[in-house]
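# A look at the structure
Spelled out from the first residue to the last, the chains are:
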Amino acid sequence: MPTVSSQDVLALAPVAILALGGIALLLSEVFLTSGKRGYQAFLTVLFAATAGLTAFGATPGKVFAGQATADAFSAFVTITVSFGLALAALVSASWLDARGAERGEFYALSLFAASGMSLLGMASDLLVAFVAIEIMSLSTYALAAWMRRGKKPAEAAFKYFILGAFSSALLLYGTSLVFGATGSTLLSDVARGPLQAGGSALLSAGLVLVAAGLAFKVAAVPFHVWTPDVYEGAPTPVTAFMAAGVKTAAFAILARTVLAAYAATGGAADSAFPRVLAVLALLTMLVGNLFAVPQRSVKRMLAYSSIAHAGYLLLGVLAAGLPAVRERALSGVLFYLASYTASAIGAFAVVGALESNGQPGDEPADAWDLERLAGLSRRRPLLAFAMTVFMLSLAGVPPTAGFVAKLLVFQAAVGAQYLALAVVGVLTSALGAYYYLRVVVYMYMRPAAEGEPAGVTSPVLSVALAVAVAAVVVLGIGSEPVASLARAAAAVVR
Amino acid sequence: MTISANWYLLLAAVLFCFGLVGVVSRRNILVVFMCVELMLNAANLTFLTFARQQGTMNGHAIAFFVIAVAAAEAAVGLAIVIAVFRTRGTLWMDEVSTLKN
């Protein structure tokens, strides 16, 4: 009978801080009746910062009989998620304030979601992963439905819920088959392979279902159909948080699961598992980029671009299968996630600041049209500059974070002999530059339409954008400190 | 007469497939939702059968986790279904489609 030690409890401190923070904000809604809620975003930032710092100082080791692992990897995930949460909270504050929809439950739900994401970074057991995914997902379903009187948010939340629940069910059934084959849900036991000689088919079936469930969460093609609709319909700050946080957490558990699956299926490069993953990565890179090109709506374009980025990240996870390049590939993936968090939240923040403040149930169809960005450089030069930085980073142009991230992942892919996939990655990135730079062209070279409103502006939003721009530039120019953190994080994952 | 464990596994697999097909093909939101629950319960049955077969209690404990999670999921899910019904007045998937390319 395993007992719970104080080390077990301490390791969960970041998760507990985020969850308790959420509960505190929920209770503040009960007891504080003042209409002013500006402080709640700052409290959220405070909780996020505390959680990040706690994760940084955690003693590494396996806890709860190996069901969770507190190591540099989980710390990196928690810090990235906390950073995303803090940025998204500031962006939400100005967005919700402009619509009179600011309530403590919003930040509480964000904190609960972040606690699930943080737990997901630690999970080294499929059941813990399932519970963490559900904590994360249930909170984000509710967040997506935040402006519930609107048609689009309700529909987005509904689609997200149905497909999310469906993918969780796939994951769970897969877990049950893995449990049957290996007698355990621990990833370390799964890596040892089936109990009996005849169990390998059962194990493979289970792992395929688990991988399919996770592929839904990271929006890999062909499990991506929900992404554009949900990202477009959800409130913009929520989309930003979903794109960055859910992706980071889901890739963390995907990486741990895939490594266990490689070990369980023999780890040979010619086994079917890496080949399936390679096809997924290829399709995701192609479909994400190709479908982003014709989009007029910037928000929908960013949704497809998020699929494309999932493809590059999958390429990194695939390369991690080879023990020789594992450390390089995983550190590339982690760096990519950090850089994507800053760039995507920043880009969605600008989109949110410019979108029309329509009445619920009566959103204009072109709320996020490219035209709304026309002439932005003259109306709001700083906002246009920030958006340019984010677009360059998402496109992977030096000297931004996105460039370094892509470089690290593609280098790892080449090192793992996935030459063709790396070439496809570079080519699709070039295609990506077209639709990202089109946004820049609209902002700087097109005249503004008559009577185009200047958009929302607020000090908190400015702070959030400044931090995001600084992060993108610092990660691009002086990437070494974060890259070395990512390497240290990747080195501990077996 | 005892029934072999494989029949339970088969039943679970059949239930899972019913749920899977239902989610993909049914057009009523509530029916789709019930199909997802069916899939979760198929997983539960599989956990219990394997736990019984292997003589461990782990699978039984997992079933409780799944039941708790499914309850939370139902609470959030039904709230979202109500939000959709309020804005549209319908529960048919085909009519809930403002978001399209």
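Before going into details, it helps to say that this report is about the structure given with it. These numbers were taken from a predicted model, which means no experiment stands behind them.

## So, the overall build of chain B
Counting its secondary structure elements, chain B contains three helices and zero strands. In sequence order, the secondary structure elements of chain B are arranged as α-α-α. Rg of the C-alpha trace for chain B: 17 Å, well past the compact-globule value of 13 Å for 101 residues, more than 25% over. Considered along the principal axes of its C-alpha atoms, chain B spans approximately 50 × 25 × 25 Å.

## Some details on a nonpolar patch on the surface
Residue and element names in this part refer to chain A. A cluster of nonpolar side chains, L20, I23, L27, V30, F31, L32 and Y39, forms an exposed patch at the surface whose accessible area comes to about 710 Å². In terms of residue count, helix α2 (residues 13-31) provides more of the nonpolar patch than any other element does, five residues in total. Relative to the elements of secondary structure, I23 occurs in helix α2. On the basis of relative accessibility, which here comes to 41%, the residue I23 falls in the partly exposed class.

## Things to note about the interface of chain B and chain A
Taken residue by residue, the interface counts 41 residues in chain B and 43 residues in chain A. Summed over both sides, the interface between chain B and chain A buries roughly 3500 Å², with carbon and sulfur atoms accounting for 78% of that surface. The three residues of chain B that bury the most area against chain A are F47, I80 and L99 of chain B, which together make up 19% of that side's buried surface. Taken together, chain B and chain A are joined by one salt bridge. Of the charged contacts in the structure, one is a salt bridge between R88 of chain B and E155 of chain A, with a shortest N-O distance of 2.9 Å. At the junction of chain B with chain A, the criterion picks out two residue pairs in polar contact (both at pLDDT 80 or more). Contributions of two or more residues to the side of chain B that touches chain A are made by α1 (5-25), α2 (29-54) and α3 (58-88) of chain B. The element best represented in the side of chain B that touches chain A is α3 of chain B, accounting for 15 residues.

## A closer look at the layout of surface pockets
When its volume is computed, the second largest pocket comes out at roughly 730 Å³. Around the second largest pocket sit 24 residues that line it, and F64, Q67, L127 and V128 of chain A together with F65 of chain B are the ones nearest its centre. Sorting elements by how many residues they give to the lining of the second largest pocket places α3 of chain B first, with four residues. By residue class, the composition of the lining of the second largest pocket is 16 nonpolar, six polar and two charged.

## Structural notes on the pattern of salt bridges
Residues and elements named next belong to chain A. The full count for this structure, using the stated rule, is 12 salt bridges over all chains. For E232, the salt bridge identified is with R300, shortest N-O distance 2.5 Å. With E232 in helix α10 (residues 226-233) and R300 in helix α13 (residues 298-319), the pair connects residues that are 68 residues apart, well separated along the chain. Relative accessible area serves as the criterion here: at 8%, E232 is assigned to the buried category. The buried category is assigned to R300, whose relative accessible area is 4%. Here D369 ties to R296 by a salt bridge, and the two come within 3.3 Å at their closest N and O atoms. You can see D369 sitting in the loop between α14 (326-354) and α15 (376-379) and its partner R296 sitting in the loop between α12 (272-292) and α13, a full 73 residues away along the chain.

## Points about the packing of aromatic side chains
For the structure on display, the rule yields 16 aromatic pairs over all chains. Relative to F16 of chain B, the ring of Y173 of chain A lies with its centre 4.0 Å away and its plane at 15 degrees, an arrangement referred to as stacked. Here F16 of chain B lies in helix α1 and Y173 of chain A lies in helix α7 (residues 151-182), a pairing that spans two chains. With a centroid separation of 6.2 Å and an interplanar angle of 75 degrees, the aromatic rings of W226 of chain A and Y231 of chain A are classed as edge-to-face. Accessibility assignment for this pair places W226 of chain A and Y231 of chain A in one class, buried. Chaining the aromatic ring pairs together yields one cluster made of Y141, Y160, F161, W226 and Y231 of chain A together with F33 of chain B. In this arrangement the basic side chain of R99 of chain A is found over the ring face of W95 of chain A, its NZ or CZ atom lying 4.0 Å from the centre. Sitting over the face of the ring of Y442 of chain A, R446 of chain A holds its NZ or CZ atom 4.3 Å from the ring centroid.

About the cut-offs
- Residues numbered from 1 in each chain as written.
- Chains lettered and ligands numbered in written order.
- Predicted model: local features only at pLDDT ≥ 70, side-chain atom pairs only at ≥ 80, totals over all residues.
- Heavy atoms only, no water.
- Helix = DSSP H or I, 4+ residues; strand = E, 2+ residues; numbered from the N terminus.
- Rg over C-alpha atoms; globule rule 2.2 N^0.38 Å.
- Patch = residues over 30% accessible without salt bridge, like charges linked within 9 Å, V, L, I, M, F, W, Y side chains within 5 Å.
- Areas by Shrake-Rupley, 256 points an atom, 1.4 Å probe, with all protein chains shown as cover.
- Salt bridge = Lys/Arg side-chain N within 4 Å of Asp/Glu carboxyl O.
- Buried < 20%, exposed > 50% of the residue type's maximum accessible area, 1.4 Å probe, protein only.
- Contact = heavy atoms within 4.5 Å.
- Buried area = accessible area lost by both parts, 1.4 Å probe.
- Polar contact = N/O pair within 3.5 Å; in protein donor to acceptor, adjacent residues only side chain to side chain.
- 1 Å grid on protein atoms, 1.4 Å probe; cavity = no way out; pocket = protein on both sides within 12 Å on 5 of 7 lines; lining within 4 Å.
- Points joined across faces, edges and corners; volume = space filled by probe spheres on them.
- Nonpolar A, V, L, I, M, F, W, Y, C, P; charged D, E, K, R; others polar.
- Phe/Tyr/Trp six-rings, centres within 6.5 Å; stacked < 30°, edge-to-face > 60°.
- Lys NZ or Arg CZ within 6 Å of the ring centre and 35° of its normal.

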